[in-house]
Amino acid sequence: MGRRQTMMEKYKQQMKAYRKKRMQLDNTPFLPPDGNVYVMNSRDATKKVKAEVLKTRTKQHREVIISLACPVCGNPMDWDSKWEAFICVKHGKKAIYEMVEGT
Ligand SMILES: [Zn+2]
């Protein structure tokens, strides 16, 4: 029993490390089933705005978002995996848009 637990623990740790690594490599957000994407400017986290999806890609039978139009200037914004957000630098200050739940 003791040995089995050890193997199980080892397995769990490996899975955890694997998932973490995979997330670091690609954490591109999935397109919500209804296709509506809402973002929030991280500098102004009170307003939620709908963003236009410009480009998607199919990954593991699901759609992931490649680029979104900036809600302010319409500039195509690519996903930034380091910030885990879409970033626009075309209008004024750097704007960081985090994806939020609809409704
Ligand atoms: Zn912009």
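Residues numbered from 1 in each chain as written. Predicted model: local features only at pLDDT ≥ 70, side-chain atom pairs only at ≥ 80, totals over all residues. Heavy atoms only, no water.

Enquirer: What's the story with unusual backbone geometry in this structure? I'm lost.
Expert: Negative phi characterises most residues that are not glycine, and trans characterises most peptide bonds. Positive phi, normally seen in glycine, also occurs at Gln-60, with a value near 50°. You can see Gln-60 is positioned in the loop between strand S3 (53-59) and strand S4 (62-69). Relative accessible area serves as the criterion here: at 59%, Gln-60 is assigned to the exposed category. The phi torsion at His-61 lies on the positive side, around 65°, for a residue other than glycine. (Helix = DSSP H or I, 4+ residues; strand = E, 2+ residues; numbered from the N terminus. Buried < 20%, exposed > 50% of the residue type's maximum accessible area, 1.4 Å probe, protein only.)

Enquirer: What is the right way to look at the sheet that holds strand S6 (residues 85-88) in this model?
Expert: Each strand in a sheet pairs with another by means of backbone hydrogen bonds, the pair being arranged parallel or else antiparallel. Spatial ordering of the open sheet is given by S2-S1-S7-S6-S5-S4-S3, a layout of 7 strands whose pairing is antiparallel. Edge positions in the sheet fall to strand S2 (48-51) and S3, since each has one partner strand and no second. Across the sheet, the axes of successive neighbouring strands diverge by a mean angle of 40°, strand direction being ignored. (Pairing = 2+ DSSP bridges. Axes fitted to C-alpha atoms, helices over the stretch in contact; angles between N-to-C directions.)

Enquirer: I tried to follow the pairing of S6 on my own but got confused; where do I start?
Expert: Regular strands place their side chains on alternate faces of the sheet. Burial along S6 is two-sided: Ala-85 and Ile-87 facing one way and Phe-86 and Cys-88 facing the other are all buried. With 2 bridges connecting them, strand S5 (residues 76-80) and S6 associate as antiparallel partners. The partner of Asp-80 across the bridge, within S6, is Ala-85. With antiparallel pairing between neighbouring strands as the criterion, S5 and S6 make up a hairpin whose turn holds 4 residues, including Glu-84 at a positive phi of roughly 55°. Pairing between S6 and strand S7 (residues 95-100): 3 bridges, direction antiparallel. By the bridge assignment, Ile-87 is partnered in S7 with Ile-96. In this antiparallel pair of consecutive strands, S6 and S7, the connection spans 6 residues, and Gly-92 shows a positive phi of 50°.

Enquirer: Which parts of the structure should I look at to understand the coordination of the zinc ion?
Expert: Geometry sets the ideal angles at a metal, namely 109.5 degrees for four tetrahedral donors and 90 or 180 degrees for six octahedral donors. For the zinc ion, the full set of protein donor atoms is Cys-70 (SG), Cys-73 (SG), Cys-88 (SG) and His-91 (ND1), at a range of 2.0 to 2.3 Å. Coordination at the zinc ion comes from 4 donor atoms whose angles at the metal span 105 to 114°, giving a geometry best classed as tetrahedral. (Donors = N, O, S within 2.8 Å, 3.2 Å for Na, K, Ca; no water. Tetrahedral: all angles 85-135°; square planar, octahedral: opposite > 155°, others 65-115°.)

Enquirer: Help me understand the packing of aromatic side chains in this model?
Expert: Each aromatic ring pair is characterised by the separation of its centres together with the angle its planes make. For the structure on display, the rule yields 1 aromatic pair. With centroids separated by 5.1 Å and ring planes inclined at 65°, the aromatic side chains of Trp-79 and Phe-86 adopt a geometry described as edge-to-face. Pair check on accessibility: Trp-79 and Phe-86 agree, each one buried. Positioned above the aromatic ring of Phe-30 is the side chain of Arg-62, whose terminal nitrogen or guanidinium carbon lies 3.8 Å from the ring centre. (Phe/Tyr/Trp six-rings, centres within 6.5 Å; stacked < 30°, edge-to-face > 60°. Lys NZ or Arg CZ within 6 Å of the ring centre and 35° of its normal.)

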